[in-house]
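The primary structure of each chain is shown beneath.
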Amino acid sequence: MKADRPIRLAASQACVRFGALDALGPIDLTVRAGECVVLLGPSGCGKSTLLAALAGLQNVASGSVEAAMSEGAPVPGMVFQEPNLMNWATAGDNVALPLALAGIDRAEQMRRAEAALARVGLDDFAKAYPRTLSGGMRMRVALARALINDPAALLLDEPFAAIDELGRRALDDLVLKAKETQDLAVLFVTHSVDEAVYLADRILVLSPRPGRIMAEIAVPAIARDRDFLTSPDFAQAAAAARRVLSDHRGPV
């Protein structure tokens, strides 16, 4: 049972302010190992701000946030809306960047980078440059880079929004596989209700600014496949999320 698993991401009465603007909170949140929690809400409600706070990139004005560390990763893995690759470096060097910054031996960097690329389906692309890769492939490189240090948690900020539906589903499957095989706590931001239901164990719907959790929707723990996408369970969870969003419509 996931309730028995260790908590890897946590926020306790966390609030973020930008000057006089209350941007987020108070927020109470936990994400356990092996669990994917998805954040839904209108633009500007603080979803990305919460991820930044958990990653240590944004200070909280009050309350607290905490992200568990693994042996090789002092911070969660993170994938942004853009892959943010170094265009002058190969895919292998992009993936190996966290290892290079940690002073890992070059040969070990490349061994682990190639293994990480293989896990995201890019076995033969370690020497390819980003300009030669499709948008979906560049995002796979970014995902491999986020996972190379075997982090305890993974933060994803609308990473697949610009990818076509088939490519997005394949990337979502990679996230689910990483969650299971690496026992990750995953916190995922999206504007897509269907993507949220496909990925999530729980969906948290945030209110317009300042973002607060106004609903939690549990998604049945059944196999994520084509049958799930057309199942009553999928339709029920998606309808519940859409009702909450419609009732608390904010700026687009």
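The structure presented is a predicted model; accordingly, all values stated were derived computationally and were not measured. (Residues numbered from 1 in each chain as written. Predicted model: local features only at pLDDT ≥ 70, side-chain atom pairs only at ≥ 80, totals over all residues. Heavy atoms only, no water.)

Draft legend 1. Quick peek at the state of the cysteines. The tally for this structure, following the rule as stated, stands at zero disulfides. The thiol of C36 is not disulfide-bonded; the next cysteine sulfur, from C45, is found 17 Å away. What makes C36 buried here is its relative accessible area of 1%. Judged by its relative accessible area of 0%, C45 is buried. (Disulfide = S-S within 2.5 Å. Buried < 20%, exposed > 50% of the residue type's maximum accessible area, 1.4 Å probe, protein only.)

Draft legend 2. A look at the UniProt feature "domain: ABC transporter" (unreviewed entry) in the protein chain. Feature annotation in UniProt assigns "domain: ABC transporter" (unreviewed entry) to the following positions: residues 7-233. The annotated region residues 7-233 carries 33% helix and 26% strand content, and the separation between its end C-alpha atoms amounts to 27 Å. (UniProt positions renumbered as here; feature names shortened; annotations may be inferred. Helix = DSSP H or I, 4+ residues; strand = E, 2+ residues; numbered from the N terminus.)

Draft legend 3. Broad picture of the nonpolar core. By size, the foremost hydrophobic cluster in this structure holds 57 residues, and its most contacted members are L143, L156, V197 and I203. Sort the elements by how many residues they give to this core and helix α4 (residues 135-147) lands first, with eight residues. Taken domain by domain, the makeup of this core includes at least three residues from each of domain 1 (7-76 + 151-247) and domain 2 (86-150). With near-sequence residues (within four places) excluded, I203 lies in contact with V38, L40, A196, V197, A215, E216, I217 and V219. By size, the runner-up hydrophobic cluster in this structure holds 23 residues, among which are L50, L54, A153 and L204. (Core = buried A, V, L, I, M, F, W, Y, C linked by side-chain atoms within 4.5 Å. Domains from an automatic or database assignment. Contact = heavy atoms within 4.5 Å.)

Draft legend 4. Representation of the environment of K47 in the model. Note on placement: K47 falls in helix α1 (residues 47-54). Judged by relative accessible area, K47 falls into the buried class, the value being 5%. Expressed as a C-alpha distance, the spacing of K47 and V189, which sit 142 residues apart in the sequence, is 6.6 Å. Beyond its immediate stretch of four places on either side in the chain, K47 contacts L39, L40, G41, P42, V189, T190, H191 and L206.

Draft legend 5. A look at the sheet that holds strand β1 (residues 7-18). With antiparallel pairing, three strands are arranged side by side in an open sheet as β2-β1-β4. With one partner strand each, in any of the chains shown, β2 (21-32) and β4 (62-67) form the two edges of the open sheet. Across the sheet, the mean angle separating the axes of adjacent strands is 20° when strand polarity is ignored. Across eight bridges, the pairing between β1 and β2 is antiparallel. In the strand pairing of β2, V16 is matched with L24. α1 contacts β1, β2 and β4 of the sheet and is inclined by roughly 60° relative to β2. (Pairing = 2+ DSSP bridges. Axes fitted to C-alpha atoms, helices over the stretch in contact; angles between N-to-C directions.)

Draft legend 6. Representation of the pairing of strand β8 (residues 202-206) within the structure. β8 sits mainly inside the fold: five of its five residues count as buried. Alternating positions in β8 separate into two faces, R202, L204 and L206 on one and I203 and V205 on the other, with burial throughout. Inspection of the sheet shows strand β3 (residues 36-40) paired to β8 by four bridges, in the parallel sense. Residue pairing in the sheet places V38 in a bridge with I203 of β8. In terms of strand pairing, β8 meets strand β9 (residues 213-218) through five bridges, oriented antiparallel. Bridged to L204 within β9 is E216.

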